[in-house]
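# A structural walkthrough
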Amino acid sequence: MPAIRRLTGEDARAAIPALSAILIDCIADGASVGFLQSFGDKDAATYWAGVADAVTSLHTVLLVAKCDGEILGTVQLGIGLPPNQPHRADLKKLLVHRRGRRRGLARLLMTAAEDEALALGRHLLVLDTATGSPAEAIYARLGWTRAGVIPDYALFPDGSFCGSTFFYKPLAASRTPLAAPPLAARPLV
């Protein structure tokens, strides 16, 4: 039975080899997740070390899916947002190793990410994904609303252009905005 776990920064550092293997596998499978085919083990370790730093500084929530003791999936919530966005989070890098697919890990990770967001007072999630990708269909099935497409927004790992579809998902029926501080109390930029 798969288990979903939230990692600390220290846990994330210890999991860098497993997380790197997942990321490299997804890139090799053609996922447009920010990296090109030349991306290797050293690049992956550097990327995940940065994520571990973001987890430690409380700017990111990192969740993993484990099956039989092996990490086979991951997702991140970006929560280090500007002061005028305390109510939302960015869903980032839903990744499932090909060995872990068709086991419901994406759904479990997404549900856990939504639960974490609500526990942190975040009631709006946003994300973008490669247009026409399998991930796009997953998000639609999980109740995300398609906001639109930007053509040629990013590149696939092979260097060809891909559009990005943007989605959002409100998590709570009741939304009470936080009061903005009086103008005089706002810092000057």
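The structure presented is a predicted model; accordingly, all values stated were derived computationally and were not measured. (Residues numbered from 1 in each chain as written. Predicted model: local features only at pLDDT ≥ 70, side-chain atom pairs only at ≥ 80, totals over all residues. Heavy atoms only, no water.)

### Details of the pattern of salt bridges
A complete count under the given rule lists 10 salt bridges for this structure. In this structure, D11 engages R5 in a salt bridge whose closest nitrogen and oxygen atoms are separated by 3.0 Å. Given the relative accessible area of 38%, R5 is considered partly exposed. Of the charged contacts, one joins E136 and R146 as a salt bridge, the two residues approaching to 3.7 Å between their closest N and O atoms. Remark: R146 occurs in strand β6 (residues 145-155) and E136 occurs in helix α5 (residues 134-141); sequence separation between them is 10 residues. Overlapping salt bridges bring together D25, D29, R98 and R101 as one network. (Salt bridge = Lys/Arg side-chain N within 4 Å of Asp/Glu carboxyl O. Buried < 20%, exposed > 50% of the residue type's maximum accessible area, 1.4 Å probe, protein only. Helix = DSSP H or I, 4+ residues; strand = E, 2+ residues; numbered from the N terminus.)

### A look at the environment of G73
Here G73 is to be found in strand β3 (residues 70-78). A C-alpha to C-alpha distance of 8.0 Å links G73 and L19, two positions 54 residues apart in sequence. Setting aside chain neighbours within four positions, we find G73 in contact with I22, L63, V64, A65, L95, V96 and L109. (Contact = heavy atoms within 4.5 Å.)

### Re the packing of aromatic side chains
What the rule picks out here adds up to 6 aromatic pairs. Following the ring pairs from residue to residue traces out a cluster consisting of F35, F39, Y47 and W48. (Phe/Tyr/Trp six-rings, centres within 6.5 Å; stacked < 30°, edge-to-face > 60°.)

### Observations concerning helix α3 (residues 41-56)
Between its terminal C-alpha atoms α3 stretches 22 Å, which fits the 22 Å expected from 16 residues at 1.5 Å a residue. Of all the positions in α3, only A44, Y47, W48, V51, A52, A54 and V55 are classed as buried. Take α3 and look down its axis: the buried residues cluster within an arc of 160°, on one side only. In α3, the exposed residues that point more than 90 degrees away from the buried face are K42, T46 and T56. The inward-facing, buried residues of α3 abut β1 (3-7), α1 (9-14), α2 (16-28), β2 (60-67), β3 and β4 (88-96). At the C-terminal side of α3, L58 shows a positive phi close to 65°. (Expected span 1.5 Å × (residues − 1). Arc of directions from axis to C-beta.)

### Observations regarding the pairing of β6
Summarising the sheet, β6 and strand β7 (residues 161-170) pair through 7 bridges and their orientation is antiparallel. Within β7, the position partnered with I150 by the bridge is S164. (Pairing = 2+ DSSP bridges.)

### Here's the deal with the confidence of the model for the chain
Taken as a whole, the chain shows an average pLDDT of 91; of its residues, 91% reach a score of 70 or greater. Across residues 179-189, confidence stays below pLDDT 50; counting only partners more than four residues off in sequence or on other chains, it has 2 contacts. (pLDDT = per-residue confidence, 0-100.)

### Remarks on the sheet that holds strand β5 (residues 124-130)
A sheet is described by the order of its strands in space; here 7 strands give the open sequence β1-β2-β3-β4-β5-β7-β6, paired in mixed fashion. Each edge of the open sheet is held by one strand with a lone partner, namely β1 and β6. Mean inter-strand twist for the sheet, computed between neighbouring axes without regard to direction, equals 25°. Two elements, β4 and β5, share 3 bridges in a ladder whose sense is parallel. (Axes fitted to C-alpha atoms, helices over the stretch in contact; angles between N-to-C directions.)

### Section: the nonpolar core
L77, L91, M110, Y139 and W144 are the most contacted members of the largest nonpolar core, which has 26 residues in total. Going through the elements one at a time, β2, β3, β4, α4 (105-119) and β5 are the ones with two or more residues in this core. Sorting elements by how many residues they give to this core places α4 first, with 7 residues. Membership of the second largest hydrophobic core comes to 22 residues, among which are I22, A44, V64 and I71. (Core = buried A, V, L, I, M, F, W, Y, C linked by side-chain atoms within 4.5 Å.)

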